[in-house]
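Summary of structural features
This is what each chain is made of:
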Amino acid sequence: MKLSVFPNYRLLSEKASDEIIQMVQKKPTAVLCFASGDTPRLCYQLFVEKAKAAKIDFSAISFVGLDEWVGIPPSNEGSCHFFLNNLVLKHLNFSNANIHLFDGMSDDPIQECRKMDQFLHEKGGVDLMLVGVGMNGHIGFNEPGISSHYYSHLVELHNTTTSVGQKYFKDATSLKLGITLGLNHLLEAKEVLMLANGLKKALVIKKALEENISDQMPASIIRTHPNSEVMIDEEAASMLRS
Ligand code: F6R
């Protein structure tokens, strides 16, 4: 794992967007997996701008969403589907057949997990996974206590996730379950970027990077990945020892 600390959120987002650009330029059939959330917002905007300016062809690039709230339709702007479509997918010439997002409205979320795992298996796994880190150390919806041996699975969301998650929704929203790629997908991804910014992430970053690697702190697993980069701003790095 490599740790990179940037002076501010903008420079962090610039560098992360460059990494994605490099991947899609190097491998026109790459499989991308992106988290939703506030952290990567600017990175995705910059990525789309740069991809358009460089006229990159996305028709053979595949894309999967990292996770989704169960029971939230794609039309709801708090859904991961809405977020990813709005920030990334609709701006680039992806082929619909190469996009796979969890359907949070499915009657059979277990089947949704199988479909995601099958899609990724057929594509040869994720080339570049970009994740954030939750206030409780989750990655995707891999909550504290989750085994790192899982692929896609259904999750009972922790209180921190359901309360912090309200920030994505216009109105108070009942959030109970999530559907997510597993940490095994992360461990098998060829490259992983984990982004965090702001003082509010400083403690969780300290725990993830300086305490024991543990199921109780899912973000700590990134330290076992041979080709991972933790990209944080100075605020998020402010509690680290050195
Ligand atoms: C969202 C996701 C979550 C977020 C995390 C941080 O798709 O996978 O794990 O990355 O909760 O969220 P923000 O970036 O809003 O602080």
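Coordinates for the structure precede this section.
Structure report, in brief. (Residues numbered from 1 in each chain as written. Predicted model: local features only at pLDDT ≥ 70, side-chain atom pairs only at ≥ 80, totals over all residues. Heavy atoms only, no water.)

Helix and strand content of the protein chain: seven helices and 10 strands. The C-alpha atoms of the protein chain give a radius of gyration of 17 Å, which matches the 18 Å a tight globule of 242 residues would have. Taken over 242 residues, the protein chain has a buried fraction of 55%. In the protein chain, the proportion of contacts linking residues at least 24 apart, taken out of those at least 6 apart, comes to 80%. If you average the places of the 23 positive and of the 28 negative side-chain charges in the protein chain, the two averages end up 4 Å apart. (Helix = DSSP H or I, 4+ residues; strand = E, 2+ residues; numbered from the N terminus. Rg over C-alpha atoms; globule rule 2.2 N^0.38 Å. Buried < 20%, exposed > 50% of the residue type's maximum accessible area, 1.4 Å probe, protein only. Contact = heavy atoms within 4.5 Å. Lys, Arg positive; Asp, Glu negative; His and termini not counted. Charge placed at Lys NZ, Arg CZ, Asp CG, Glu CD.)

Before going further, it helps to examine the pattern of salt bridges. Oppositely charged side chains may form a pair once their charged atoms are brought near each other. Taken as a whole and assessed by the stated rule, the structure comprises 13 salt bridges. We note a salt bridge from Glu14 to Arg10, for which the minimum N-O separation is 3.7 Å. Here the residue Glu14 and the residue Arg10 both occupy positions in helix α1 (residues 9-26), the gap between them amounting to four residues, near one helical turn. Among the residues examined, Glu14 registers a relative accessible area of 24% and is labelled partly exposed. Bridged by salt links that share partners, the residues Arg10, Glu14, Asp18 and Lys50 form one connected network. (Salt bridge = Lys/Arg side-chain N within 4 Å of Asp/Glu carboxyl O.)

So, to be careful, I would describe these as geometric facts and stop short of saying anything about function.
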